[in-house]
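The primary structure of each chain is shown beneath.
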Amino acid sequence: MKRYALREKTGALDPERDFEEINRLLATVEFPWDINQALSFALFRTYAVPSVGQLLFDTGEFTERVQKRYDDTTLLLDAVLEHGFDSAPGRNGIRRVNQMHGNYDISNDDMRYVLATFVVTPVRWIEQYGWRQLTHNEVVGATNYYRRLGTLMGIKGIPATYTEFVRFLDEYEATHFAYNAGARKVADSTLDLMTTFPPNNRAPKWLINIFARSLMDDSLLRAFAYRRPPRPVRAVSRGALKARGRLVRFFPVRKQPMYARDLPNIRSYPGGYDLQQLGTFPVGCPVAHGDSAGEIESLKSVE
């Protein structure tokens, strides 16, 4: 394969119709490492909204069982990515996510914000650190993928375009980012987990921690009351990722897709897993909400 063959392939696809294929190619073949890192940071950003961070702290899942929560979230979303929205695994994955969310009082705005981080953060990451830039077709396709996911999760008022997602995300963070003690504990736990991932586990924890903080913008650092790394440290950290992107351009082209289950970070299920047993099972009936309640309800009828 030529280095830019996949870009030509996504350019020939229709982002309004083929968004699943476009996003799958980007996430598993063209930018698997970058998008995995970006989505991890996307989830991390959501902690800085106190209503989100405090809820995650109250459940105890992201402080007491953070590896399992990381694995379960990644594998559930990965089932949708690999098999598609209309497949049995994809529908089971979305159903599990809806069942878990339905047991908590989560506002539509917070749900919409979390969705926005999954749309915007990967694009911004690749703009800064990717080995090439995303095309307009790819951005539209990835945006439409998450718009479909948001619809199946019952989220209302989903932005129609990437530009609208960016505007919503930036305004929401400017209004809602604030310090919260519980959210800080969730952030600390997540950063501690990251120091254990290969090859990070070969370096001192303090070094991985300061590297991660060097990638955070000032508003995120303030929300967690994290110390801002010195300017030279930030420059070296970000420069290292940019250098990696330039080097990857000359690597052999990936021929086989890489899914989340293939990553060394996923460690909770060495013997395999049952998709329908992933996640949490709080006491009580999940609550379908929003204009898409009927569509969510239909996910429960998968045989």
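Taking 1.5 Å per residue, 22 residues should reach 32 Å; helix α8 (residues 108–129) reaches 32 Å between its end C-alpha atoms and fits that length. Within α8, the axis deviates most sharply at valine 120, by approximately 25 degrees, and proline proline 122 lies no more than four positions further along. Extensive coverage of α8 is indicated by the burial of 16 of its 22 residues.

Attention shifts here to the nonpolar core. Grouped together as the largest cluster of nonpolar side chains are 76 residues, with contacts concentrated most on Phe44, Tyr47, Phe85, Trp125, Met216, Phe224 and Tyr226. Setting aside residues up to four positions removed in sequence, phenylalanine 85 forms contacts with Phe19, Glu20, Val80, Gly90, Arg91, Ile94, Tyr145, Arg148, Leu149 and Leu152.

Before going further, it helps to examine the pattern of salt bridges. If you walk through the whole model with that rule in mind, you get 20 salt bridges. Two residues, aspartate 72 and arginine 69, come together in a salt bridge whose shortest N-O distance is 2.4 Å. Of this pair, aspartate 72 and arginine 69 both sit in helix α6 (residues 66–83), three residues apart, which is roughly one turn of that helix. Using a relative accessible area of 6% as the deciding quantity, one classes arginine 69 as buried. Put simply, aspartate 218 and arginine 228 hold a salt bridge, and the shortest N to O gap is 2.9 Å. Taken together, the positions of aspartate 218 in helix α13 (residues 218–224) and arginine 228 in the loop between α13 and α14 (231–248) put the pair 10 residues apart, joining distant regions of the chain.

Within the sequence span of helix α12 (residues 205–214), burial applies to Ile208, Ile210, Ala212, Arg213 and Ser214. Elements in contact with the buried residues of α12: α3 (32–46), α11 (181–194), α13 and α14.

Turning our eyes to something else, we now look at the packing of aromatic side chains. Going through the model one piece at a time under the given rule, you end up with 17 aromatic pairs. Consider the rings of tryptophan 125 and tyrosine 129, whose centres lie 4.9 Å apart with planes at 65 degrees: the pair is edge-to-face. Separated by four residues within a single helix, tryptophan 125 and tyrosine 129 lie in helix α8, roughly one turn from each other. In this structure, tryptophan 125 and tyrosine 129 share a single accessibility class: buried.

A separate point is unusual backbone geometry. Along the chain, proline 198 connects to proline 199 via a cis peptide bond; the corresponding omega equals -5 degrees. If you trace the backbone, proline 199 turns up in the loop between α11 and α12.

Further remarks concern the environment of arginine 65. Its location among the elements puts arginine 65 in the loop between α5 (61–64) and α6. Classification of arginine 65 as partly exposed rests on a relative accessible area of 35%. For the pair arginine 65 and arginine 147, spaced 82 residues apart in sequence, the C-alpha to C-alpha distance is 30 Å. In contact with arginine 65, not counting residues within four places along its chain, are Thr59 and Gly60. At 2.8 Å, the side chain of arginine 65 and the side chain of glutamate 61 are in polar contact.

Our focus in this paragraph is the confidence of the model for the chain. Here the chain averages 92 in pLDDT, while 92% of its residues score no lower than 70. In this model residues 284–298 is a low-confidence stretch, pLDDT under 50, and it forms 26 contacts with partners more than four residues away in sequence or in other chains.

The rules behind each value
- Residues numbered from 1 in each chain as written.
- Predicted model: local features only at pLDDT ≥ 70, side-chain atom pairs only at ≥ 80, totals over all residues.
- Heavy atoms only, no water.
- Helix = DSSP H or I, 4+ residues; strand = E, 2+ residues; numbered from the N terminus.
- Expected span 1.5 Å × (residues − 1).
- Bend = angle between axes of the 7 residues up to and from the residue.
- Buried < 20%, exposed > 50% of the residue type's maximum accessible area, 1.4 Å probe, protein only.
- Core = buried A, V, L, I, M, F, W, Y, C linked by side-chain atoms within 4.5 Å.
- Contact = heavy atoms within 4.5 Å.
- Salt bridge = Lys/Arg side-chain N within 4 Å of Asp/Glu carboxyl O.
- Phe/Tyr/Trp six-rings, centres within 6.5 Å; stacked < 30°, edge-to-face > 60°.
- Polar contact = N/O pair within 3.5 Å; in protein donor to acceptor, adjacent residues only side chain to side chain.
- pLDDT = per-residue confidence, 0-100.

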